[in-house]
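# Structural overview for review
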Amino acid sequence: AGMASPQGILFPLEKICVDWQQRQRAGAGLHNLGNTCFLNSVLQCLTYTPPLANYLLSREHSQSCRQQGFCMMCIMEVHVKQVLRSSASAIQPWAVIRVLRRIGEHFQHGRQEDAHDFLRCTVDAMQRACLHDSSNLGISSEATTVMHQIFGGFLRSRVTCLSCKEVSDSYEAFLDVPLDIRAAASVTAALEDFVKPEQLDGNNCFKCSQCDKMVAASKRFTFHRVPKVLTLCLKRFGDFTGRKIRKVVEYPECLDLRPYMGQTDGEPLLYSLYAVLVHSGDSCCWGHYFCYIKASNGLWYQMDDSSVVLDDINTVLRQQAYLLFYVR
């Protein structure tokens, strides 16, 4: 028993192109328009996501978009084109700031926001724009939009009854993977923790359909279908105080997801790092965000608001990363 097949495919997977269509140096920086470094750094990471940039630059969305008013896809199309095609050294991202409350009603211009929260809300707003004309397709088709075909994957949650060994699987779509780093010194260690089986017992018992009673069970998450673009969020703002976990967590330039799959035998599933979003400062409420991106010419740049500076992979791999972006 696998996952249900979607009734309709909104955007075919084979149309996703993960290689840059043209090579160029990094585009424009983004002016800080009042505590907007969280927004600037997220927008830059999205702009240098090759399959997304290819799709937005093709203008396929806007050519058929019938939405009245706010459409995040159309806004991003204009933004990415402006950044990558502009001759200016920096542009003002007013088009996005103007719709901040539409992206997430809790956002306020002028206030420092959480970059991961802004990424989630922006991708969700783009996802809603993709679904605008296809409300009747059912839940499994919602995972076939261009956004899901780029960023989305599926996790399998497998619960095994410890009495009769009955297995029950469920699947959930994800657009990014939050990783607990409190006990991990590296991303690979955090991914190992992520797929470690967890005991369900005591108050957490599981109702087994075979035994027909509450039983102790083991539950394990694994990757079932991997995304074209893997977004990892290192949970640095762990507890309710908002205090930050400042430790160094190592992350590789090349990551193999195969060991974290339900099916661990088979070809390696290799991902290559192309963007790193960094938070500097002591708590989620203040500090500064900037990022490193790999442009289509294969070179790394530090993007810090309006400043765009050539950098190298060694610097990139030594950062206090908050978000990591990998492409298949």
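Every value quoted in this text rests on a predicted model; they were computed, and no experiment measured them.

## As for empty space enclosed by the protein
Applying the stated criterion to the full structure yields three cavities of 30 Å³ or more. The computed volume of the largest cavity comes to approximately 50 Å³. Residue classes in the lining of the largest cavity are distributed as six nonpolar, three polar and two charged. When its volume is computed, the second largest cavity comes out at roughly 40 Å³. Looking at the second largest cavity, the residues that line it are Leu30, Cys37, Asn40, Ser41, Gln44, Tyr289, Phe290, Met303, Asp304 and Asp305.

## As for the sheet that holds strand β9 (residues 217–225)
Sheet architecture is open: four strands sit in the order β4-β3-β9-β6, paired in antiparallel fashion. Looking along the sheet, the strands with just one partner apiece sit at the ends: β4 (167–174) and β6 (198–200). Averaged over all adjacent pairs, the angle separating strand axes in this sheet is 30°, with direction ignored. With three bridges connecting them, β6 and β9 associate as antiparallel partners. Following the sheet pairing, glutamine 199 is matched in β9 by serine 218.

## Things to note about the environment of cysteine 164
Tracing the chain through its elements places cysteine 164 in the loop between β3 (153–161) and β4. Among the residues examined, cysteine 164 registers a relative accessible area of 33% and is labelled partly exposed. Taking C-alpha positions, cysteine 164 is 9.8 Å from alanine 217, a pair spaced 53 residues apart along the chain. Ignoring any residue separated from it by four or fewer positions in sequence, one finds cysteine 164 in contact with Cys208, Gln210 and Cys211.

## What to know about unusual backbone geometry
Phi is positive for asparagine 35, close to 55°, though the residue is something other than glycine. Locating asparagine 35 in the fold gives a position in the loop between β1 (29–30) and α1 (37–47). For asparagine 35, a relative accessible area of 37% corresponds to the partly exposed category.

## A closer look at the layout of surface pockets
The gaps left among the atoms become clear once a water-sized probe is rolled over them. Volume-wise, the largest pocket comes out at about 640 Å³. Residue lining of the largest pocket: 28 residues in total, with Ala143, Thr144, Gln149, Phe154 and Arg225 positioned closest to the centre.

Cut-offs used in this document
- Residues numbered from 1 in each chain as written.
- Predicted model: local features only at pLDDT ≥ 70, side-chain atom pairs only at ≥ 80, totals over all residues.
- Heavy atoms only, no water.
- 1 Å grid on protein atoms, 1.4 Å probe; cavity = no way out; pocket = protein on both sides within 12 Å on 5 of 7 lines; lining within 4 Å.
- Points joined across faces, edges and corners; volume = space filled by probe spheres on them.
- Nonpolar A, V, L, I, M, F, W, Y, C, P; charged D, E, K, R; others polar.
- Pairing = 2+ DSSP bridges.
- Helix = DSSP H or I, 4+ residues; strand = E, 2+ residues; numbered from the N terminus.
- Axes fitted to C-alpha atoms, helices over the stretch in contact; angles between N-to-C directions.
- Buried < 20%, exposed > 50% of the residue type's maximum accessible area, 1.4 Å probe, protein only.
- Contact = heavy atoms within 4.5 Å.

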